[in-house]
Amino acid sequence: MTLNLGMTIVLAVLYSVGFYLLLQRSLMRILIGIVVLGHGANLLLQLAGGPPARAPVLGTAPPELFADPLPQALALTAIVITFAMTTYLLALGYRSWVLVGHDEVQDDVEDRRIAERERPEGSMSDDTADTGTDDDEDPGSAAASSEPAATGGRR
Amino acid sequence: MSTLVTLPVLLPILGAALTVIGSRSARLQRLIGIAVLAVVSVVAAVLLVAADRTGPVVAEVGGWPAPVGIVLVADRLSALLLLISTLVTLAVLVYAIDQRITDYGRDTASTTFHPIFLLLSTGVSLAYLTGDLFSLFVAFEIMLAASYVLITRRTNASRIRSGMTYVIISLTSSLLFLTTIAFVYAATGTVNLADLSARVAVLPPGLQTLLACMTIVTFGIKAAMVPLHFWLPDSYPNAPAPVTALFAGLLTKVGIYALLRTQTLVFPQEQPSALLLVLAALTMLVGALGALAQNDLNRLLSFLLVSHIGFMLFGLAVFDAAGVAGTALYVVHHITVQATLFLVSGLITRRTGTVAIDQMGGLAQRAPFLAVLFAVPALTLAGIPPTSGFVAKLALLQAGAAAGLSTALVAGVVVVASLLTLYAMVRVWIRVFWGIEKEPLPDADPADELVVGTAATSRPMYAATAGLVAVSLAIAAAAGPLSSVTGRAGVDLMDRLPYVTAVLR
């Protein structure tokens with residue numbers, strides 16, 4: 001199998017841009033990252049079947065001139081799945097925006113507790129004011145968080 | 001017989017469609033869900049007997065023979081895991097239905113829960129039965145898409161955070177899987193597992209290692225292997241108890257199954273794999289030590305889940321028939337016991353109104369039955385004889401000791417991790433069930449089924465949990481026949497020939 005240099009560069013760009021966006025904090029950028037990465041993966045699947053050729057369903061060309069149909073079928077399935085997942089992530093991002101007012105991916109709860117513990121006493125109150133709001137808003141997560149008494153006491 | 005292999009995939013997906021159509025009648029939905037899973041359990045049992053007697057049962061989907069068409073294969077390993085998974089799914093469904101009846105009354109129907117639950121079951125069945133890499137990807141996607149909905153249903157602000165982490169991590173691993181499939185296809189020109197086992201063997205060694213590593217990373221994320229485990233203790237505890245039980249019981253084990261299948265069939269090795277041994281030891285220790293630091297009961301159980309993934313990886317890393325058989329036995333035992341523990345944790349938190357261990361206490365006097373329900377799976381997880389955990393761990397330790405010095409060292413880690421598990425469990429026991437009884441916390445939000453501490457529990461919830469405890473005891477009682485089946489499955493996996501000849505004919 002031979003690989004087209006132009007396509008290889010396109011693949012490299014798609015994958016690097018995708019992974020770069022995936023490492024961002026905003027859910028919208030992560031989503032775009034996943035879309036770009038999905039395109040990269042689908043293009044790779046296409047290229048895995050060899051160079052483009054005649055459609056495998058129609059025509060009477062000799063077999064070596066036909067394109068490999070399997071990667072096309074695989075890529076088609078993968079495109080549908082990526083598409084569905086993108087829509088779902090969009091819905092999730094919208095929900096997050098409605099509930100929280102932003103679409104930042106938050107830190108781990110445990111990480112935040114450790115960070116609070118390491119910080120000097122005085123700055124604790126500032127910290128709860130900005131990062132703690134989204135958790136303390138609803139009564140459900142107060143019960144679900146591991147320190148309900150402490151959360152209640154701070155407020 | 002080959003029609004039977006398609007039923008575990010077809011029935012749940014048809015059931016899911018029917019529950020959408022009949023979403024006005026709550027009773028019909030429940031009936032369909034339970035009936036479908038009961039039938040699939042029977043089918044899985046028949047498949048297990050057939051695969052054990054006459055070799056793998058193969059169904060050619062669409063009538064095309066193997067390397068061209070898609071095949072569904074039930075060999076000893078997949079039929080066994082299918083059986084135990086379906087039994088656990090059935091018990092969890094009974095628990096979930098009853099929790100809903102207790103909280104909302106008998107007549108409220110849910111438009112999403114039952115269809116999604118059955119779709120999850122479809123994905124798991126397909127992942128066990130599929131005979132090619134791309135169908136495995138599709139199975140994972142069906143399963144994960146269902147799990148995304150279950151974990152983010154009825155979100156609030158804190159739950160959407162953990163849900164997003166889970167969804168994004170899973171999507172990334174899916175895209176990595178897709179990339180792996182593209183590389184495998186480019187190198188070999190096939191995605192059929194049986195066909196791959198011959199074609200990968202003639203590739204250059206470097207390329208083989210690259211492909212093997214990519215599959216390990218992909219399935220390692222799904223199975224929560226240690227450097228890739230961080231998402232699990234963060235997302236699982238935020239789902240309601242039955243959903244967490246199902247995820248903990250099934251989803252990570254499907255990752256382990258995929259590792260087991262691909263590593264033995266496509267990338268076989270002659271001697272223990274150093275990389276997997278190190279990863280297994282790390283997974284065991286990091287999970288167990290992480291569990292000791294937790295105050296949240298569900299997070300503690302999630303870390304223990306990570307730790308016990310290491311046990312299964314260890315059996316695979318030994319790379320001989322005994323080791324792989326030990327892993328198969330361990331997966332069977334762990335699916336039941338981990339699901340049971342999360343269900344019991346659900347019962348405990350509904351009773352006390354909190355998941356914080358230091359807020360509980362004295363439950364043993366008030367709820368002695370609950371104390372027994374927790375004690376049995378806790379001791380099983382730690383591997384106290386004569387429970388099923390002991391049988392499975394013994395198989396792993398024997399395999400490790402027989403395979404050489406380096407594996408014997410890691411087998412020592414198995415013992416240490418088991419002791420740490422026991423310590424964590426005893427600590428939970430002392431804090432939750434002994435001591436002074438504390439007042440249950442008031443219910444935070446009675447309208448939200450995901451919130452802990454709805455106080456009311458009813459008998460079928462206990463019955464479902466007790467049923468799972470009984471299954472785990474039955475595994476211990478039937479240890480002899482079961483370990484002979486997993487032993488034969490291990491020989492099959494390392495031999496590869498029965499699977500390949502059955503598929504390719």
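All values reported here derive from a predicted model rather than from experimental measurement.

Scoring rules and cut-offs
- Residues numbered from 1 in each chain as written.
- Chains lettered and ligands numbered in written order.
- Predicted model: local features only at pLDDT ≥ 70, side-chain atom pairs only at ≥ 80, totals over all residues.
- Heavy atoms only, no water.
- Helix = DSSP H or I, 4+ residues; strand = E, 2+ residues; numbered from the N terminus.
- Rg over C-alpha atoms; globule rule 2.2 N^0.38 Å.
- Buried < 20%, exposed > 50% of the residue type's maximum accessible area, 1.4 Å probe, protein only.
- Contact = heavy atoms within 4.5 Å.
- Areas by Shrake-Rupley, 256 points an atom, 1.4 Å probe, with all protein chains shown as cover.
- Phe/Tyr/Trp six-rings, centres within 6.5 Å; stacked < 30°, edge-to-face > 60°.
- Salt bridge = Lys/Arg side-chain N within 4 Å of Asp/Glu carboxyl O.
- Patch = residues over 30% accessible without salt bridge, like charges linked within 9 Å, V, L, I, M, F, W, Y side chains within 5 Å.
- Core = buried A, V, L, I, M, F, W, Y, C linked by side-chain atoms within 4.5 Å.
- Axes fitted to C-alpha atoms, helices over the stretch in contact; angles between N-to-C directions.
- Parallel < 35°, antiparallel > 145°, perpendicular 65-115°, else oblique.
- Nonpolar A, V, L, I, M, F, W, Y, C, P; charged D, E, K, R; others polar.
- pLDDT = per-residue confidence, 0-100.
- Pairing = 2+ DSSP bridges.
- Expected span 1.5 Å × (residues − 1).

Asker: Explain the overall build of chain B to me, using residue names and the numbers behind them.
Answerer: The secondary structure content of chain B amounts to 20 helices and 2 strands. On C-alpha atoms alone, chain B measures out to a radius of gyration of 22 Å, which is about the 23 Å that the 2.2 N^0.38 rule sets for 505 residues. Referenced to the eigenvectors of the C-alpha coordinate spread, the extents of chain B come out at roughly 65 × 55 × 40 Å. With 505 residues in all, chain B has 65% of them scored as buried. Within chain B, contacts between residues at least 6 apart in sequence are counted, and of these 82% link residues at least 24 apart. For chain B, the exposed area adds up to about 16,100 Å²; of that, 70% sits on carbon and sulfur atoms.

Asker: Please give an account of the side chain of serine 174 of chain B that cites residues and values.
Answerer: For serine 174 of chain B, the position within the fold is in helix H6 (residues 157-188). Not counting residues up to four positions away in its chain, the partners in contact with serine 174 of chain B are Phe137, Glu141, Leu144 and Lys222 of chain B.

Asker: Describe the packing of aromatic side chains, and please don't skip the residues or the numbers.
Answerer: All names here are of chain B. This structure, assessed with the given rule, holds 20 aromatic pairs over all chains. Ring centres of tyrosine 148 and tyrosine 166 lie 5.9 Å apart, and the angle between their planes is 80 degrees; this geometry places the pair in the edge-to-face category. Pair noted here: tyrosine 148 is in helix H5 (residues 133-152) and tyrosine 166 is in helix H6, with a separation of 18 residues, a long-range link. In this structure, tyrosine 148 and tyrosine 166 share a single accessibility class: buried.

Asker: Can you tell me about the pattern of salt bridges, naming the residues and giving the values?
Answerer: Where charged atoms from two side chains of opposite charge come close, those side chains can pair. Residue and element names in this part refer to chain B. Throughout the structure, instances matching the rule amount to 6 salt bridges over all chains. Measuring nitrogen to oxygen at the nearest pair gives 2.5 Å for the salt bridge that ties aspartate 52 to arginine 76. Here aspartate 52, found in helix H2 (residues 26-54), pairs with arginine 76, found in helix H3 (residues 76-104); they are 24 residues apart in sequence, far enough to count as distant. Residue aspartate 52 shares its accessibility class with arginine 76, and that shared class is buried. As a salt-bridge pair, aspartate 52 and arginine 488 come within 2.7 Å of each other at their nearest N and O atoms. Here aspartate 52, found in helix H2, pairs with arginine 488, found in helix H19 (residues 479-495); they are 436 residues apart in sequence, far enough to count as distant. A single network of salt bridges, built from pairs that share partners, joins Asp52, Arg76, Arg488 and Asp492.

Asker: A description of unusual backbone geometry should follow, citing residues and the corresponding values.
Answerer: Residues and elements named next belong to chain B. Of note, the bond from proline 385 into proline 386 is cis; its omega dihedral lies within 30 degrees of zero at 5 degrees. Residue position: proline 386 is located in the loop between helix H15 (368-382) and helix H16 (388-402). Its identity is not glycine, yet alanine 224 carries a phi of approximately 65 degrees, on the positive side. Tracing the backbone shows alanine 224 in the loop between helix H8 (205-223) and helix H9 (232-235). When its relative accessible area of 0% is taken as the criterion, alanine 224 is described as buried. Non-glycine residue phenylalanine 319 carries a positive phi angle of around 60 degrees.

Asker: Describe a nonpolar patch on the surface, naming the residues involved and giving the relevant values.
Answerer: On the surface, a cluster of nonpolar side chains totalling about 360 Å² of accessible area is made up of Leu5, Ile9, Val13 and Val17 of chain A. Position of valine 13 of chain A among the secondary structure elements: in helix H1 (residues 5-22).

Asker: Describe helix H7 (residues 193-201) of chain B, and please don't skip the residues or the numbers.
Answerer: Listed in full, the buried residues belonging to H7 of chain B are Leu193, Ala194, Asp195, Leu196, Ser197 and Val200 of chain B. Residues of H7 of chain B that are buried sit in contact with H5, H6, H8, helix H10 (241-265) and helix H20 (497-504) of chain B.

Asker: A description of the nonpolar core should follow, citing residues and the corresponding values.
Answerer: With 202 residues, the main nonpolar core has Phe247, Phe314 and Ile348 of chain B as its most contacted residues. No other element matches H3 of chain B, which puts 16 residues into this core.

Asker: Now, about the environment of isoleucine 475 of chain B: what can you tell me, with residues and values included?
Answerer: All names here are of chain B. Tracing the chain through its elements places isoleucine 475 in helix H18 (residues 459-477). Given a relative accessible area of 11%, isoleucine 475 falls into the buried group. Considered as a pair, isoleucine 475 and serine 388 are 87 residues apart in the sequence and their alpha carbons are 5.8 Å apart. In this view, isoleucine 475 contacts Ile84, Val332, His333, Thr336, Ser388 and Leu482; residues no more than four positions away in its chain are not counted.

Asker: Tell me what's going on with the packing of H3 of chain B against helix H13 (residues 321-352) of chain B, and back it up with residues and numbers.
Answerer: Residue and element names in this part refer to chain B. Where H3 contacts H13, the two axes come as close as 9 Å, and the packing angle between them is 10 degrees. Relative to H13, the element H3 is oriented roughly parallel. Taking contact as the criterion, the partners of Leu77, Leu80, Leu81, Ile84, Ser85, Val88, Val92, Tyr95, Gln99, Thr102 and Asp103 in H3 are, on H13, Ala328, Val331, Val332, Ile335, Thr336, Ala339, Leu343, Gly346, Leu347 and Arg350. Looking at the contact of H3 with H13 residue by residue, the class counts come to 14 nonpolar, 5 polar and 2 charged.

Asker: Provide a residue-level description of the confidence of the model for chain A, including the pertinent values.
Answerer: Looking at chain A, the pLDDT average stands at 74 and 68% of residues meet or exceed 70. Scored below 50 in pLDDT, residues 123-155 of chain A shows 41 contacts in the model against residues more than four places distant or in partner chains.

Asker: Give me the lowdown on the environment of serine 121 of chain B, citing residues and values where you can.
Answerer: Residue and element names in this part refer to chain B. Tracing the backbone shows serine 121 in helix H4 (residues 113-129). Considering only alpha carbons, one finds serine 121 and leucine 37, 84 residues apart in sequence, at a separation of 8.5 Å. In this view, serine 121 contacts Pro12, Leu37 and Thr89; residues no more than four positions away in its chain are not counted.

Asker: Could you give me a rundown of the pairing of strand E2 (residues 70-74) of chain B, with the residues and numbers involved?
Answerer: All names here are of chain B. Along E2, 4 of the 5 residues are buried, which leaves the element largely enclosed by surrounding structure. Direction of pairing for strand E1 (residues 57-61) relative to E2: antiparallel, over a ladder of 5 bridges. Within the sheet, the bridge partner assigned to glutamate 60 lies in E2 and is valine 71.

Asker: Would you mind going over H15 of chain B in detail, with residue names and values included?
Answerer: Residues and elements named next belong to chain B. Taking 1.5 Å as the rise per residue, H15 with 15 residues should run 21 Å; its terminal C-alpha atoms sit 21 Å apart, in good agreement. For H15, the full list of buried residues reads Leu370, Ala371, Leu373, Phe374, Pro377, Ala378, Thr380, Leu381 and Ala382. On its buried face, H15 is in contact with helix H12 (297-318), H13, helix H14 (363-366), H16, helix H17 (405-433) and H18.

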